[in-house]
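# Observations on the model geometry
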Amino acid sequence: MTDKGIQPDVLTYNPLLHAMINTGKWEEVITLWNEMLANNCKPDVVSYNILVDAACKEGKILEAHDIVERMIKDGIQPNTVTYNVLMDGYCLQGKMDEARKVLNSMMIIRGCVPNVYSYNIMVNGFCKYKRVDEAMELFGEMSLNGPIPDTVTYNALINGMSQLGRLSVAQELFKEMSAYGLVPNLITYSTLLHGFCKHGHIYKALELFKLMQKNGLKPNIVHYSILIDGLCNAGQLTSARELFHGLSLKGLQPNVYTYTIMINGLCNAGLTNEAYELFRKMEMNGCLPDSISYNAMIQGFLRDDDISTAAEILPEMVRKGFSADISTATMFVDLLCSDTTGQLIHKIVGNCALC
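Residues numbered from 1 in each chain as written. Predicted model: local features only at pLDDT ≥ 70, side-chain atom pairs only at ≥ 80, totals over all residues. Heavy atoms only, no water.

Time to look at the pattern of salt bridges. All told, the structure shown has 10 salt bridges when counted by the stated rule. Notably, a salt bridge pairs Glu 141 with Arg 100, separated by 2.9 Å at the nearest N-O pair. Placement of Glu 141 in helix H8 (residues 132-145) and of Arg 100 in helix H6 (residues 96-109) is noted, with a sequence separation of 41 residues between them. By relative accessible area, which is 23% here, Glu 141 ends up partly exposed. Linking Arg 166 and Asp 133 is a salt bridge whose minimum nitrogen-to-oxygen distance equals 3.2 Å. Taken together, the residues Arg 166 in the loop between helix H9 (151-163) and helix H10 (167-179) and Asp 133 in helix H8 connect sequence positions 33 residues apart. Using a relative accessible area of 32% as the deciding quantity, one classes Arg 166 as partly exposed. The class of Asp 133 is partly exposed, set by a relative accessible area of 47%. One salt-bridge network, in which partners are shared between bridges, spans Arg 280, Glu 283, Glu 316 and Lys 320. (Salt bridge = Lys/Arg side-chain N within 4 Å of Asp/Glu carboxyl O. Helix = DSSP H or I, 4+ residues; strand = E, 2+ residues; numbered from the N terminus. Buried < 20%, exposed > 50% of the residue type's maximum accessible area, 1.4 Å probe, protein only.)

With that settled, the discussion passes to the packing of aromatic side chains. Within this structure, the stated rule accounts for nine aromatic pairs. Judged by centre distance (5.8 Å) and plane angle (40°), the ring pair of Tyr 294 and Phe 322 falls under tilted. You can see Tyr 294 sitting in helix H17 (residues 291-303) and its partner Phe 322 sitting in the loop between helix H18 (307-319) and helix H19 (326-336), a full 28 residues away along the chain. Put simply, the rings of Tyr 276, Phe 279, Tyr 294, Phe 301 and Phe 322 touch in pairs and so form one group of aromatic residues. (Phe/Tyr/Trp six-rings, centres within 6.5 Å; stacked < 30°, edge-to-face > 60°.)

Over its 14 residues, H8 extends 20 Å from the first C-alpha to the last, a length consistent with the 20 Å expected when each residue adds 1.5 Å. Inspection of H8 places Val 132, Ala 135, Leu 138, Phe 139 and Met 142 among the buried residues, and these make up the whole buried set. Summarising the axial view, the buried residues of H8 lie within an arc of 115°, below the 170-degree limit, and thus occupy one face. Of the exposed residues in H8, the ones pointing more than 90 degrees away from its buried face are Glu 137, Leu 144 and Asn 145. Contacts from the buried residues of H8 go to H6, helix H7 (116-128), H9 and H10. (Expected span 1.5 Å × (residues − 1). Arc of directions from axis to C-beta. Contact = heavy atoms within 4.5 Å.)

Considering all chains together, one arrives at zero disulfides under this definition. Lacking any disulfide linkage, Cys 56 is separated from the closest cysteine sulfur, that of Cys 91, by 10 Å. The buried category is assigned to Cys 56, whose relative accessible area is 8%. (Disulfide = S-S within 2.5 Å.)

Looking at the secondary structure, you find Phe 196 in helix H11 (residues 186-198). Taking the relative accessible area as the measure of exposure, Phe 196 reaches 3% and is therefore buried. Sequence-distant contacts of Phe 196, that is, excluding residues within four places in its chain, are made with Leu 167, Gln 171, His 201, Ile 202, Lys 204, Ala 205 and Leu 208.

Let us now look at the nonpolar core. Core analysis: the largest hydrophobic core is formed by 106 residues, its most contacted members being Met 122, Leu 227, Ile 228 and Met 262. Not counting chain neighbours up to four residues away, the residues in contact with Met 122 comprise Met 87, Cys 91, Met 96, Ala 99, Arg 100, Leu 103 and Leu 138. (Core = buried A, V, L, I, M, F, W, Y, C linked by side-chain atoms within 4.5 Å.)

Direction vectors running N to C along helix H15 (residues 256-268) and H17 enclose 5°, while the axes themselves pass 9 Å from each other. Viewed along their axes, H15 and H17 adopt a mutual orientation that is roughly parallel. Contacts from Val 256, Thr 260, Ile 263, Asn 264, Cys 267 and Asn 268 of H15 reach H17 at Ile 292, Ser 293, Ala 296, Met 297, Gly 300 and Arg 303. Residues of the contact of H15 with H17, tallied by class, amount to six nonpolar, five polar and one charged. (Axes fitted to C-alpha atoms, helices over the stretch in contact; angles between N-to-C directions. Parallel < 35°, antiparallel > 145°, perpendicular 65-115°, else oblique. Nonpolar A, V, L, I, M, F, W, Y, C, P; charged D, E, K, R; others polar.)

Before going further, it helps to spend a moment on H15. For H15, spanning 13 residues, the distance from its first C-alpha to its last is 18 Å, which sits close to the expected 18 Å at 1.5 Å a residue. Considered for burial, the residues of H15 that qualify are Thr 258, Tyr 259, Thr 260, Ile 261, Met 262, Ile 263, Gly 265, Leu 266 and Cys 267. Against helix H13 (221-233), helix H14 (237-245), helix H16 (272-284) and H17 lie the buried residues of H15. Backbone geometry just after H15 places Gly 270 at a positive phi near 80°.

For the rest of this paragraph, the subject is the environment of Leu 164. As for its placement among the helices and strands, Leu 164 is situated in the loop between H9 and H10. In the structure, Leu 164 is positioned 34 residues away from Lys 130 in sequence and 7.5 Å away in space, judged by C-alpha atoms. If we ignore the near neighbours within four places in the chain, the residues touching Leu 164 are Lys 130, Val 132 and His 199.

What follows is the structure, encoded as structure tokens:
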């Protein structure tokens, strides 16, 4: 392009800058930015937004803030996208108070109107770091001043409340969104389903699962995995097993997460042989065990005092590049200290590093 005497303009540079961000090439972004300036090509608001986004994705939040200050000095007014990107950068690092300052001082005081995405960034950030009351404050601001909360807003709040066991609030939010004409989606249901299962409300989870299907949504493997896990933890292994083995009839294939849930459930019930059969079948069915699967299986055999089978699986796990987790390692250490099993475990560990 330059060989033909044509100088690239800002519309040429912006897509190149954006492409480099997507490949995570921060140094090349800076090199291209400097080239842009050297060619007397003045960056516009889009250019600066791209640079702020790049800095945030690299975890360089102070640099991102400085870039925004620089663009203001250069006479370019930041827009809603600029501040959204900066807020998101702070949220990613857990700096929620700084993100809140961006919303208050930079956007509202400087006359840049927050949109629903702005609030969703903040609501999700507060919920992620378990500051749900502050998330609800923002939700109240949205309801009073606009913009109107959307499904993403409600999903974030339902998730935050569910994780903390505040399920009555989560249920009210679920009902409220429907009353306001917002249709709960697959994420909404999986979030609330997980909350019910996590906090031992398996019957409410089953009711919600039925409601989801009644409302025309087809559960995917995520929903089934959550429910199978909840049933296992509630001691309803027969129901969990039936649900697991019925997946193929529904056109679904269990993933490594689903298999591991079922293996762990069987092991916890003392059915290690059945768990081991499933463990071997998963690879035959095209699903490779991961570190969590191996650790669950080894821990199951150790709890069942079947040290020899656990010893067979351990080297296999290490050969595949996986390590013993804290629980597995602790169990082996306890056995090492035992008068009856110490020598055997010492031999196993001597032949195979735990981590």
